[in-house]
2 protein chains.
Amino acid sequence: MFARKLTAASEVARGVRPASLMLRGGRLLDLFTREIIEADLLIKSGTVAAIGSDYPAGEQVIDLDGGYIIPGLIDAHIHLESTLLLPAQFAAVVLPHGTTAVIADPHEIANVLGIAGVDFMLEAAEKLPLDLFFMAPSCVPSTEMETAGGEITPEQVERLLDHPRVLGLAEMMNFPGVIHGDSAVAAKIAAALRRGKPVDGHLPAMGGRDLQAYLAAGISTDHEAVTAEEALEKVRCGMRVIIREGSAARNLSALLPAVKAAGSRWFMFGSDDREAGELLTVGHIDEILRRAVAQGCDPFDAVEMAALNPALHYGLVRRGAVAPGYRADLAVVDDLEDFRVRLVIKDGEVAVREGALAVEIPAHPPGEGLLRTIRLARELRADDFTLKAGPGAVPVIGLVPDQIITEKLLLEPGRGENGLIRADPQRDIIKVAVVERHRRSGRVALGLLRGLGLRRGAIASSVAHDSHNIIVAGVSEAAMAAAVNALSRTGGGFAVVDQPPAPAVLLPLPVAGLISPEPAAAVAAALEKVTAAAHALGAVPAQPFLTLSFLALPVIPHLKITDRGLFDVDSFNFIEL
Amino acid sequence: MFARKLTAASEVARGVRPASLMLRGGRLLDLFTREIIEADLLIKSGTVAAIGSDYPAGEQVIDLDGGYIIPGLIDAHIHLESTLLLPAQFAAVVLPHGTTAVIADPHEIANVLGIAGVDFMLEAAEKLPLDLFFMAPSCVPSTEMETAGGEITPEQVERLLDHPRVLGLAEMMNFPGVIHGDSAVAAKIAAALRRGKPVDGHLPAMGGRDLQAYLAAGISTDHEAVTAEEALEKVRCGMRVIIREGSAARNLSALLPAVKAAGSRWFMFGSDDREAGELLTVGHIDEILRRAVAQGCDPFDAVEMAALNPALHYGLVRRGAVAPGYRADLAVVDDLEDFRVRLVIKDGEVAVREGALAVEIPAHPPGEGLLRTIRLARELRADDFTLKAGPGAVPVIGLVPDQIITEKLLLEPGRGENGLIRADPQRDIIKVAVVERHRRSGRVALGLLRGLGLRRGAIASSVAHDSHNIIVAGVSEAAMAAAVNALSRTGGGFAVVDQPPAPAVLLPLPVAGLISPEPAAAVAAALEKVTAAAHALGAVPAQPFLTLSFLALPVIPHLKITDRGLFDVDSFNFIEL
C-alpha cells in the first residue's frame, strides 16, 4: 500500500499520471539552496511529487497567484494542556495558522492520570489532520514535595518510547536527579538514547560545569534560554535551542542575536505554553515567524527554524521542507513579512482555505475515567481554612510581578478572635491553600500570600503545576470553601466566588481538571469572563489564574505551597507558620 | 550499565570524579558556533564529558600541545570489498587516518553469497575499534542479464533493516525499477521509510523529471554527481549529496563550487571504492579534507561534511562533533591544512598514536562457506575459448580510457583455420570471456575486446561487477584457461598468465573471490605485482583489473559481456557475434 503510493508519486513526477492536487503559480521557498522558485507544485499520495512547469493539470488545481509556499510549521515544544483544549479543538485552532505538526509533552495530564492520561492523548491524536507527536514525560510526579495523581514509571517510559508517535524523552526537569545520577532518571534517559531518540532538556539559567554535566548525561535540547549569551553557550556545547514564545515567556527578541551569531541550524521554535485565546487571535508558529522577520531575521532562517530544524532533530523524515518526496504538509502565505496563511495543505489535502477549515476534525471524546478527577474527601467548609500561628511575624509568599519566582516575606499577619490568623486585605495579606484532590486524603495546606491583591472573595484553580491539586486564594474562608466545592462539582477548572451563596463564576475544565471540551473561542471567552471576575475582586496580575498555577511549584524559588505544606525552596524544607 | 555510564560522565563534568582520559591543551573545532576553543577535553565512559579548564587531572593525561581536536571522520558511502580487505584489516589501515566510522554497502559480497555474505560483514564488524555501519543492499542480484551467486530478498532486507548496525537501504541502482514501480523495489524502499531510515540513491547524470520521480519514490542521497550544476539541482530537490573521492572517480574539485553555493550542510564525503594501497599511502577521509581545504574550502565546512553531516543524516546520534555528551570518537591533527593525524581516540580510548595502532584489532576469520566460492563445472581448456562467427565485421567491445562506459565497435576479426576467430594483438583485438562461477553451470560467454592492449597471455579476475563471475581477457586461449583455472584453485582473485605451463602471477582473494585475508600492505604489494605483470603483457590501463571488473556490468553503456553473453546496453538485448 505504502509502496504503491510511492510509485504513484513517482509517476506524477514523470508526467505520466495526473497529480491529485496541483498548486499552480506559486513561489516556493527552497530551504536547501535558499532560493525562491517560481513553479507549479504537484502532489500525489500525500507527497510532494514534483516541482516544475509544463506538467499536465492535476485532478484538482489551485491557483496560488504568486503566493509563497512554505513547509507546514512545526512546534518543537508545547504542552497542549496549557491551551486548555482537547487535541481536536487544538488542531482546529492551529491548522489555520499553518501548523501541521507539534511535538507535545503531555506531562500535565500525566500528573493527574498517569499513563492513562498519556494514552488518551495518543489516542486522541489518531485521525487528526494535524500530526501530534509526543515526548514521553520524564518527571511524573515532578517532586516528592507534593501529591500527584499519577506516576510514569521507567517501564512506562520504555513502553511509550516504542510508540511511533513518541519521538523521545520529554524535558528532563529533574536537574539534581540528572547530575547526581538518580537511577530512575538515568534509566529513562538511557532508554531513549538506546533507541536513538533524543532527550529534551529544561535548564533555566544554567551554564558552565552544570550545563556540561547535564549534556554529558545525554540531553540534547533546551527551551529555557532567556539571553543570547546563555543560548550561545548551550549551542557551543552541541545543544539545540528551542526559542520559546509562549503566552507567559517570550524569548525571541533576546535570542535572535544568538541565531545571527551561530547560524539558524541549531535553533527551533516552540510555544511551550500558549493560551487558546492567543492562538486564535495572535497565532501560533506563524506569529513567531512574523515577529522574527520583523526583527531582522532572514525569512529562510525563520522558516528553517519553524519547520526543517525540528523535523531533522526529532527524526521526522521527509518533513519540514518543500521538495519531491517530502510529505505534502504545506502552508501558502501572502508574503514573507506578515506570513498571513491563506491555504494549508495537510497530507496532500486542502485543510484550510482563507482561514476556514476545509477538513473535518473528528472528535475523540474523553472517557469517564478522564472526567471525574477532583476527588475530595468531603465538601469543604469555611473552618477548613482556619489558620493558627504563634505570635509575631510569619512567613508570607510574596508574588513578584510577571515572574514565577516568589519572595519569602516575614510579616505580621492579621489576627482575629483566639489569635486565629485572618486575611488582611488592607495590607494585601490574604490566605492561600492547596487542597489535595487526587486521593481523597482531606489534606489542606495553608499559608499567606501577598501580591495577588484580592479585596474580597476567593479564586481557585485545579491547574496548579505540577501536581495539579486545587489551589485557592482568598479573603473570605467561606468563599474559599465555596470556590473549591464549585470546582469539585464541575470536575475542575477556574472558579471565582465573591460572596456565598452567590454562585461561582466558572471556567469548567472537566477533562483531568485541566482541559475543556469546548472549542477555542468558547474557552477564550470563558477565560476572559473568569479573569474579569477575578479582577473585579481586586486581583492585580493580568492573568491571575496563571499566577496562581505556579504557586504550588516547589522547584521554583523562594517560598511555595503544596498540599503537604509551605515549602522553603532555598532550604528545601517544609516550614511551619 | 549504560545509565551508570551516563552518570559517571556527568560526574566528571561536575569535577567530582576524574576523567578516564584528559586531552590537555588542545584546540577544539566547535562545529556548532564555528569557533576554535582552547581548552582541556575530558573523557569518561567513552563520552566527551566536558570541555574546559581547571579540572582535576584525568587518570590518563595526554598533552596535545596546541593540536586541533576534530571529530572522528565518517565515510558516508563505501564498499569495503573494493579495498580487497577484511573489516579488521580495513580498520587497521583507516583508523590511523582518523576514520572512526564508515557506512558501507556490502553489495559485492552479497552478490556472491547472498545474506550469508552480509551476515559475515555484520559479525566481522563486532568488537572492532571502528564503527562499521551498513546499508541493506537493495539490488542483489543487480540485473537479470547475469548470474549472481546470491540474492537479497525483500524479506531479508526487512530483517537487515532491523539490525542496529543497518542504517537504511543501500544505493538503489535500479532506476527503471524505481520509476516504473517494480513491486520488489518499492517494497524495499517502503520497508526502510516505515522504519524512519533513509534510502541511498545512485543516479548518475540525471536531473529534471527523472530526478524528481526518483526522489518522490523516497530516495534521499546521491553520490554520482560529477558537476556542480548536477549537485546543485539535486540539493535543490532536497537530496543530500555525497561527494565521492574514490580511487577511480574523484568528484571533489568539480563539486566544491556547489558546496559554496548551497552551503556545506547538505554535503558529505564518501570514498565509494578506494584501494588498500591508496588508503595506506594517500589516506582516507583525511585526504579529502586536505584536498578540500587546499582548494579553498573552509575547514569548518570540510570537517562538518566529513563527520557531523553524515552522523545527522544517518541517525548516528551523539556523533560527528566534539561536545559534551558526544561519543569520544576524535582525531587530533597538527593543523587545519594538512590534517596530519597524530592521535585517534575511539570510544574514549587511545586507538592510534603517531600513526601507530594502540589498540588490538580482533580478527574475525571467515568460515569455510565464505572461502570456496569459485564453483566451476570443470577445469577449463583452451578450446573452451573457441569462437566462431559468420563472415564480415563483428561487434567488439571498445574500452574508453579512464571510463567505465564502453563503445560498441564493428570490426573485422582475425580468423584462423576453419574460420575460427582468433585474437589479433597487432590490431588490439583480443578475446574476452565471462565464466559463470557460482553454480557450476559450465557457462562461458565469449566476445572480443579492443583497448586493453594485451600482446600475449591473459589476465583474469573474479571481481567483476556486479555478479562477480570470472572475467578473463587474453590473446592465448591456453593462457585464458590457465588463468581461470588458477583462480579456481586459489578461490578467486586476480591472475596473470603469460605462457602456460609457467605459473600464474596471483593476488589471491579467497574470501568470496573478492577479499584477501592479508593486511593492507601485503595486499597493496601483491596488487602492484599482478598489475606490473599485466603491464608486462602489454596492458594499457593504469589499473587493468579495475578496467576488467567493469566489463561485465550490463547497466553501463554501450556493449558489455556477462556470463549469459554479449549485451547491447542500448537495445537492452543480448546479441550474437
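Reading guide: rules and limits
Residues numbered from 1 in each chain as written. Chains lettered and ligands numbered in written order. Predicted model: local features only at pLDDT ≥ 70, side-chain atom pairs only at ≥ 80, totals over all residues. Heavy atoms only, no water. Helix = DSSP H or I, 4+ residues; strand = E, 2+ residues; numbered from the N terminus. Rg over C-alpha atoms; globule rule 2.2 N^0.38 Å. Buried < 20%, exposed > 50% of the residue type's maximum accessible area, 1.4 Å probe, protein only. Contact = heavy atoms within 4.5 Å. Buried area = accessible area lost by both parts, 1.4 Å probe. Salt bridge = Lys/Arg side-chain N within 4 Å of Asp/Glu carboxyl O. Polar contact = N/O pair within 3.5 Å; in protein donor to acceptor, adjacent residues only side chain to side chain. Least-squares fit on C-alpha atoms with pLDDT ≥ 70 in both. pLDDT = per-residue confidence, 0-100. Lys, Arg positive; Asp, Glu negative; His and termini not counted. Pairing = 2+ DSSP bridges. Axes fitted to C-alpha atoms, helices over the stretch in contact; angles between N-to-C directions.

1. What to know about the overall build of chain A
(1) Moving on: If you tally the helices and strands in chain A, you get 16 helices and 30 strands.
(2) Moving on: Here the C-alpha radius of gyration of chain A, 25 Å, is about what a compact globule of 577 residues would show, namely 25 Å.
(3) Moving on: Projected onto its principal axes, the C-alpha positions of chain A cover 90 × 50 × 45 Å.
(4) Moving on: Looking at the 577 residues of chain A, the share that counts as buried comes to 64%.

2. Some details on the interface of chain A and chain B
(1) Moving on: Taken residue by residue, the interface counts 62 residues in chain A and 62 residues in chain B.
(2) Moving on: With both sides pooled, the region where chain A packs onto chain B buries about 4700 Å², and carbon together with sulfur makes up 56% of that total.
(3) Moving on: Here Arg265(A) ties to Glu304(B) by a salt bridge, and the two come within 2.8 Å at their closest N and O atoms.
(4) Moving on: In this assembly, chain A and chain B are joined by 20 residue pairs in polar contact (both at pLDDT 80 or more).
(5) Moving on: Counting only elements with at least two residues in the side of chain A that touches chain B, the list comes to helix H1 (2–14), strand S2 (35–44), strand S3 (47–52), helix H6 (175–179), helix H7 (183–194), helix H8 (208–216), helix H9 (228–236) and helix H13 (299–313) of chain A.
(6) Moving on: Sort the elements by how many residues they give to the side of chain A that touches chain B and H1(A) lands first, with nine residues.

3. What to know about the relation of the copies chain A and chain B
(1) Moving on: In screw terms, the move from chain A to chain B is a rotation of 180 degrees and a rise of 0.0 Å along the axis, fitting with an RMSD of 0.0 Å. Each copy turns onto its partner about a two-fold axis.
(2) Moving on: Interface overlap between copies: 100% of the residues of chain A at the interface are likewise at the interface in chain B, consistent with a symmetric, same-surface contact.

4. Things to note about unusual backbone geometry
(1) Moving on: Residue Pro141(A) is reached from Val140(A) by a cis peptide bond, and omega for that bond is 0 degrees.
(2) Moving on: Residue placement: Pro141(A) occurs in the loop between strand S8 (131–136) and helix H5 (154–161).
(3) Moving on: Put simply, His465(B) and Asp466(B) share a cis peptide bond, and its omega is -10 degrees.
(4) Moving on: Summarising the element assignment, Asp466(B) is placed in the loop between strand S24 (458–461) and strand S25 (470–474).

5. Considering the confidence of the model for chain A
(1) Moving on: The pLDDT averaged across chain A works out to 96; a share of 100% of its residues lies at or above 70.
(2) Moving on: As scored by the predictor, the complex reaches a pTM of 0.96 and an ipTM of 0.94.

6. Some thoughts on the pattern of salt bridges
(1) Moving on: Under the defined criterion, the tally for this structure stands at 84 salt bridges over all chains.
(2) Moving on: Linking Arg274(A) and Glu287(A) is a salt bridge whose minimum nitrogen-to-oxygen distance equals 2.8 Å. With Arg274(A) in the loop between strand S13 (267–270) and helix H11 (276–281) and Glu287(A) in helix H12 (residues 285–294), the pair connects residues that are 13 residues apart, well separated along the chain. In this structure, Arg274(A) and Glu287(A) share a single accessibility class: buried.
(3) Moving on: Note that Arg340(B) and Asp334(B) form a salt bridge whose closest N and O atoms lie 2.6 Å from each other.
(4) Moving on: A relative accessible area of 26% means that Asp334(B) is categorised as partly exposed.
(5) Moving on: A cluster of three or more residues bridged by salt bridges with shared partners is formed by Asp131(A), Arg319(A), Arg327(A), Asp329(A), Lys346(A) and Asp347(A).

7. Topic: the side chain of Glu81(A)
All names here are of chain A.
(1) Moving on: Tracing the chain through its elements places Glu81 in the loop between strand S6 (73–78) and helix H2 (87–94).
(2) Moving on: Buried and without a salt bridge, Glu81 has Arg437 as its closest oppositely charged side chain, separated by 11 Å.
(3) Moving on: A polar side-chain atom of Glu81 sits 3.2 Å from the main-chain amide nitrogen of Glu108.
(4) Moving on: Those residues within four positions of Glu81 in sequence are excluded, and the remaining contacts are Asp105, Pro106, His107, Glu108, Ile109, Met121, Leu514 and Ile515.

8. Examining H2(A)
Residue and element names in this part refer to chain A.
(1) Moving on: Of all eight residues in H2, six are buried; the element is thus mostly enclosed.
(2) Moving on: Here H2 has its buried residues at Pro87, Ala88, Phe90, Ala91, Val93 and Val94.
(3) Moving on: Each element contacted by the buried residues of H2 is listed here: S6, strand S7 (99–104), helix H4 (115–125), S8, H11 and helix H15 (520–536).

9. Section: the sheet that holds strand S18 (residues 394–399) of chain A
Residues and elements named next belong to chain A.
(1) Moving on: The strand order S19-S18-S23-S22-S25-S24-S26-S27 describes an open sheet built from eight strands, whose pairing is mixed. Each edge of the open sheet is held by one strand with a lone partner, namely strand S19 (406–411) and strand S27 (505–508). Going across the sheet, the axis of each strand differs from the next one's by a mean of 25 degrees, ignoring polarity.
(2) Moving on: Across five bridges, the pairing between strand S22 (residues 429–435) and strand S25 (residues 470–474) is antiparallel.

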